[in-house]
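Read off the chains here:
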Amino acid sequence: MHVEPGPGLLGLEIDRMKGRVIARGIGPSVGPALQLRLAYGERETLATVPTSSAGPIPWGMVLELGPPASGETALRLQWDGGPGRAGQCAIPLAGLRDATPMQTNISAAIVCRVSGRYEVHGWGFPAPGALALLINHRLVAHTARRYRRGDVAERFPWTADLDLGWTLSGQCDQLLSGAVSFSVCSSQGVTGIDLAPGHERFRVHNDRGRWNRVRIPIEHGLWRLVPVALRRSPLAWHRALLASQAFWRRWHAHPDGLAALLRRAVVNSLIDRNGLGEPMWLRLSSGDLVLSAPGTDAVISRRFLLDGHYEGGFLQWVAGLLGPGETVIDGGAAFGSFSLAAARAVGPQGRVLAIEANPATREHLTRTLARNPHGRCVTVAPVAIGCHAERRAFADVSLSNAGGSRLLEAGEAAADVATDLDRLTVVSLARDTRGQPVPPGERRTRVRISEVEVTTLDALCRQHALRDVALLKLDIEGHELNAVRGAQGLLDGAFGVPPVVALEFSRLVHTAGGTPDDLFAQFARRGWTAWRLSGSKSTGGRLVRVPDAASAPEHDNLVFVPPGRDSRVGADRL
């Protein structure tokens, strides 16, 4: 694709599922600021790219296409960088690079228990190549047919010209009785569904569907020898296995299978043998490798160790929200699980700013980002965020509960922080309560006081030239209100389209600078709407409206959406 050099355009991509175009480029290094306009039909998006003595500034734009417009086959790009640097061009939609996330979905399975005939219906993007079908974990021969799916085209209009639907049919004696497991494998991934004994039909009501985990019965007598073998194996082997990518592929694919049970046994052995003294690498259910400290950090790191994730439902929602090339701010990055999830979603053309003030936790964060390939698009800001720039005392509790580290308020001492945190629950490692949230009991929180730089989110946006931030996440232990007060420009559109804001809302932790109601009011007075996940930040679910502060949960993540952005988070369909 040839485009005149005026806008410094590097590439244009289309996400057919979300119906959006992502443009990116490099701005001018001298002269006036560059004014950009990207349009399709009646829809358009504008951007201003400033010049900088430090060199050219990367720019990005996202255009929501809306439904395909009749007769419109091209985008219109206009730019104005001063005398002699203005122009426009038309860019055919057919020439855009396809950035739609790959996926394979099963919609329904139908079997005949008498003849053994079966049909499996589904769809995938891009139009799937060769499909492999497994019935009860055995590869079977089948006949494949591809066609256009009207229901898929209705939900995703920009896929209407593609044959995304498929049907696999054939005959198999394994279908005559008992439970049946169908698994479909392609270059896009693996998906599957189960039929209970006696059932002949299964339909997935949400065609985006998830992998339905298959329960594998454990009937092997040799399994009883595993704890004995683990007690005799070196602790270094335990740690290596929990960080292994090959092992992760097995326990993640079958959460109730042999590999998952082996992981659980390895974790139990590591705990029982007091093998948690040093920080350790853990492979999470997302596949990311994270450096954590479950021996001292009694919440986040222990969830990583025991469950393989932390706030998994919230991270799954975030992955569905973000698209390639977008920008994210992670306020309170901790060990980096959210930053990595965001980086995976926005891809190498996107940007993630991870803000972490705690030096001890930040060391884990930087090492984690270096070990994960998609961590390259993450920039770490070693500051705290508040309502204005200053130097403040900071309570580091990473030796007890890293996620509880926070700024100190005026007149507050280390003993006050310890008293507050000792009232909260932690994740138990005791054999009879392992994995359960329990009161700390006699344990006293260990607090170290240091001094850190505090800045505002508006200042960080200027410093890092952030524009059109897609998502702002805040989890900074009661200082969310002050951070929002320091982000007035960001929320009011001074840096492009205002972001969706996801933050921890709690009545269990003191709100610095006001009350939880004051935090809610910051968004309500702007006309923003508040939402929460129907389950929780751990279990996820669909978005549920929170009409006012009194209706908000006692302790959970809230999502605040600017006017006109409901479609971005799917709230317009609820």
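Here the structure is a predicted model, which means the values were calculated and not measured.

A.B. asks: Sorry, what's going on with the sheet that holds strand β22 (residues 378-381) here?
C.D. replies: For sheets, the rule is that strands pair by backbone hydrogen bonds, running either parallel or antiparallel. Strand order in the open sheet formed by eight strands is β22-β21-β20-β29-β30-β33-β31-β32, and the pairing between neighbours is mixed. Single-partner strands in this sheet number two, and they are β22 and β32 (543-546). Strand after strand, the sheet turns through a mean of 25° between neighbouring axes, direction not considered. As paired elements, strand β31 (residues 529-533) and strand β33 (residues 555-561) share three bridges and run antiparallel to each other. Bridge assignment links A530 to a residue of β33, and that residue is F560. Where helix α9 (residues 359-371) meets the sheet, its contacts fall on β21 (351-355) and β22, and the angle it forms with β22 comes to roughly 165°. Along the sheet, helix α14 (residues 516-524) makes contact with β30 (500-506), β31, β32 and β33, crossing β30 at roughly 165°.

A.B. asks: Is there a simple way to think about the nonpolar core in this case?
C.D. replies: Across soluble globular proteins, nonpolar side chains show a tendency to be buried alongside one another. Grouped together as the largest cluster of nonpolar side chains are 55 residues, with contacts concentrated most on W317, L322 and L471. Apart from residues lying up to four places away in sequence, L471 is in contact with V318, L321, L322, T327, V328, I329, F338, P499, V500 and A502. Counting 34 residues, the second-largest nonpolar core is a separate cluster that includes L353, A381, V484 and L558.

A.B. asks: Honestly, unusual backbone geometry in this entry has me stumped. Any pointers?
C.D. replies: In terms of backbone geometry, most residues other than glycine have negative phi values and most peptide bonds are trans. One non-glycine residue, N274, lies in the positive phi region at around 55°. Relative to the elements of secondary structure, N274 occurs in the loop between α5 (258-272) and β18 (280-283). For N274, a relative accessible area of 68% corresponds to the exposed category. Residue A465 is not a glycine yet carries a positive backbone phi of 55°.

A.B. asks: Mind showing me how you'd approach the packing of helix α3 (residues 235-243) against α5 here?
C.D. replies: Helix-helix packing is characterised by the crossing angle of the two axes and by the distance between the axes. The N-to-C vectors of α3 and α5 enclose an angle of 140°; their axes lie 10 Å apart at closest approach. Taken together, the axes of α3 and α5 are oblique relative to one another. Where α3 crosses over α5, the two elements pack in a sense that is left-handed. Only L262, R263, V266, V267, S269 and L270 of α5 make contact with α3, whose side of the interface consists of L235, W237, H238, L241 and L242. By residue class, the composition of the contact of α3 with α5 is eight nonpolar, two polar and one charged.

About the cut-offs
The numbering scheme is per chain: residues are counted from 1 as the chain's sequence reads. Totals for whole chains, interfaces and linings use all residues, but because this is a predicted model, local features are given only for residues with pLDDT of at least 70 and pairs of side-chain atoms are given and counted only at 80 or more. The side-chain figures draw on all heavy atoms in the structure; neither hydrogens nor water molecules are used. When DSSP finds two or more bridges between two strands, those strands count as paired. Numbered from the N terminus, helices here are DSSP runs of H or I no shorter than four residues, and strands are runs of E no shorter than two. Fitted lines through C-alpha atoms serve as axes, helices being fitted only where they are in contact, and the angles separating the N-to-C directions of these axes extend from 0 to 180 degrees. Contacts are assigned to residue pairs with any non-hydrogen atoms lying within 4.5 Å of each other. For this analysis, a nonpolar core means a set of buried residues of the types Ala, Val, Leu, Ile, Met, Phe, Trp, Tyr and Cys, connected via side-chain atoms within 4.5 Å. Each residue is placed in one exposure class: buried if its accessible area under a 1.4 Å probe, protein chains only, is under 20% of its type's maximum, exposed if it is over 50%, and partly exposed if it falls in between. An angle below 35 degrees is read as roughly parallel, one above 145 as roughly antiparallel, one from 65 to 115 as roughly perpendicular, and any other as oblique. Each crossing is labelled by how the near helix is turned from the far one, with a counterclockwise turn of less than a right angle marking it left-handed and a clockwise turn marking it right-handed. Residues were grouped as follows: Ala, Val, Leu, Ile, Met, Phe, Trp, Tyr, Cys and Pro as nonpolar; Asp, Glu, Lys and Arg as charged; and all remaining residues, including Gly, as polar.

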